[in-house]
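Below, each chain spelled out in residue letters.
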Amino acid sequence: MKRETCCVLRGVIWWWEDGVRTVLLGNTGVEVSAFCLGAMYFGTSTDEETSFRLLDQYVEAGGSFLDTANIYSHWVPGFVGGESETLLGAWMRERKNRARMFIATKVGFAYPGVERGLRARQIETECEKSLKRLGIDTVDLYYAHVDDRPPPPPPIGGGVGGVEAFDRLVRAGKVRFIGASNFLAWRLEMARWVSQTHGWAGYCCIQQRYSYIRPKPGASFAPQIAADDDLLDYCRARGITMLAYSPLLTGAYTRADRAFSEQYLGPDTDARLATLKAVAGEVGATANQVVLAWMVQSDPCVIPLVAASTVEQMRENLGALEITLSADQMARLNGASA
Ligand SMILES: NC(=O)c1ccc[n+]([C@@H]2O[C@H](COP(=O)([O-])OP(=O)(O)OC[C@H]3O[C@@H](n4cnc5c(N)ncnc54)[C@H](OP(=O)(O)O)[C@@H]3O)[C@@H](O)[C@H]2O)c1
């Protein structure tokens, strides 16, 4: 791939490769697309034809980072999980583009026939199933989808977040890098310490619930975990990449038919929405686009998991990559509070 330009923006190295933005994934030395495509509903709520079109649209815009999970999306009536991976496999086979894609999938949540957890055997078995559904030999990024905390007292040494089993998969060439999702910062640090002590592969990134408006104090999304300033500070200090899921809060920033859930109705919600609206007006963008642009231009850079079910939504979301927010706009967005 031709490398055209490089610059450092707010401490993050940005590469424009053939006009496409990429960012470094943690300390791996590997560059990934600044927007990751969330494929959660591909093959279930979003039919195959539409899913293929959206995948093509993302790739035409230069994207190559795809996010799925073994469980997607078993909760959609009529489906059992695994359909998203199967669809991605079919699409890569048809487009003959596996070598150009960076595939992330996950293990750890329950779905029909599989309990929640990160037991070694479960990680190994589920990895084989994911590889088969995806039709690939190696998963580029394999996540612990949710932390698996043992009852107290905590065991000394191995076992935190399945890192030993994940390391075996890396050594076997079935997985290139590992990541965590829905972990608290201290558990991530504990897993890092255990990996480092044993010389095992460590989590290079954390995928958490994150958007521009913030959950009110004490809000719970269990079993999901929302990112907070503590986690972002930890990521900055350790060089771990943050990925944001549900960044557009199902479209509630711009859609009358969607509402912010009550966990988000906190003391600074109005101030943040007002600032978002003002900045969107200044740069001639939608609120969704400013949310996504704000994430990738933040310090540390946050990679949003961008999901869409129509070509129009995808066009709007990908358009956020063209927006550059000024230092003043970033400061106002960051500082908006009650
Ligand atoms: N690690 C985890 O625990 C976890 C949890 C959840 C999700 N994820 C990952 O994160 C990805 C994104 O999550 P999410 O679906 O919850 O994200 P989201 O950003 O909250 O919602 C995406 C939905 O918002 C609507 N939307 C998107 N763009 C829009 C636009 N420009 N205008 C209006 N509406 C728009 C669409 O809803 P409609 O389709 O209804 O129109 C779309 O399906 C998933 O695909 C998955 O890969 C991970």
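Residues numbered from 1 in each chain as written. Predicted model: local features only at pLDDT ≥ 70, side-chain atom pairs only at ≥ 80, totals over all residues. Heavy atoms only, no water.

Participant: Would you mind going over the pairing of strand β10 (residues 203–209) with me for this structure?
Facilitator: On a regular strand, one side chain projects to one face of the sheet and the next to the other, so that they alternate. Within β10, seven of the seven residues are buried, which leaves it mostly tucked inside the rest of the structure. The β-α-β motif built from strand β9 (residues 175–181), the intervening helix α5 (residues 185–198) and the parallel element β10 has right-handed crossover chirality. What joins β10 to strand β11 (residues 241–245) is helix α6 (residues 229–238), and the crossover it makes is right-handed. (Buried < 20%, exposed > 50% of the residue type's maximum accessible area, 1.4 Å probe, protein only. Helix = DSSP H or I, 4+ residues; strand = E, 2+ residues; numbered from the N terminus. Right-handed = clockwise from strand over helix to strand, strands pointing away.)

Participant: Would you take a moment to explain the site of the ligand for this structure?
Facilitator: The local shell around the ligand holds 27 residues, among which Asp-67, Ser-246, Thr-250, Ser-309 and Asn-317 are the closest. Ser-246 has a polar side-chain atom sitting 2.7 Å from an oxygen atom of the ligand. Backbone polar atom of Thr-250 to an oxygen atom of the ligand: 2.8 Å apart, as the coordinates give it. If the ligand stood free it would expose 920 Å²; the protein chains cover 88% of that surface. In terms of residue count, the dominant contributor to the shell around the ligand is helix α9 (residues 311–319) (three residues). Grouping the constituent residues of the shell around the ligand by class yields nine nonpolar, 13 polar and five charged. (Near = heavy atom within 4 Å. Polar contact = N/O pair within 3.5 Å; in protein donor to acceptor, adjacent residues only side chain to side chain. Areas by Shrake-Rupley, 256 points an atom, 1.4 Å probe, with all protein chains shown as cover. Nonpolar A, V, L, I, M, F, W, Y, C, P; charged D, E, K, R; others polar.)

Participant: Explanation requested: the packing of aromatic side chains in the structure shown.
Facilitator: To describe a pair of aromatic rings, one takes the distance between the centres and the angle between the planes. Tallied over the full model, the rule gives 10 aromatic pairs. A centroid spacing of 5.3 Å and a plane angle of 90 degrees characterise the contact between Phe-65 and Phe-102, whose relative ring orientation is edge-to-face. Note that Phe-65 is positioned in strand β6 (residues 65–67) and Phe-102 in strand β7 (residues 102–107), a separation of 37 residues in sequence. Classification of Phe-65 by relative accessible area gives buried; the value is 0%. Joined through ring pairs, the aromatic side chains of Tyr-142, Phe-166, Phe-183 and Tyr-203 make up one cluster. (Phe/Tyr/Trp six-rings, centres within 6.5 Å; stacked < 30°, edge-to-face > 60°.)

Participant: Honestly, the confidence of the model for the chain in this entry has me stumped. Any pointers?
Facilitator: The predicted coordinates should not be examined in detail at positions where pLDDT is low. Mean pLDDT for the chain: 92, with 92% of residues reaching 70 or above. Contacts of residues 1–8 to residues separated by more than four positions or lying in other chains number 21 contacts, the stretch itself having pLDDT below 50. Across residues 15–19, confidence stays below pLDDT 50; counting only partners more than four residues off in sequence or on other chains, it has 21 contacts. (pLDDT = per-residue confidence, 0-100. Contact = heavy atoms within 4.5 Å.)

Participant: Hey, could you run me through the environment of Asp-270 in this one?
Facilitator: Within the element layout of this structure, Asp-270 appears in helix α7 (residues 269–283). Overall, the relative accessible area of 63% leaves Asp-270 in the exposed class. Along the primary structure Asp-270 and Glu-85 are separated by 185 residues, whereas in three dimensions their C-alpha atoms are 39 Å apart.

Participant: Explain the nonpolar core to me, please; I cannot follow it from the model alone.
Facilitator: Soluble globular proteins tend to bury their nonpolar side chains together. Among the nonpolar cores identified, the biggest contains 104 residues, and Phe-65, Leu-141 and Tyr-203 are the most heavily contacted of them. Here the element with the most residues in this core is helix α8 (residues 287–296); it accounts for eight residues. Non-local contacts of Phe-65, meaning those with residues more than four positions away in its chain, are made with Val-32, Ser-33, Phe-35, Cys-36, Leu-37, Tyr-58, Phe-102, Ala-104, Leu-141, Leu-243 and Ile-303. Ala-69, Tyr-72, Phe-109 and Val-146 belong to the second largest nonpolar core, which has seven residues in total. (Core = buried A, V, L, I, M, F, W, Y, C linked by side-chain atoms within 4.5 Å.)

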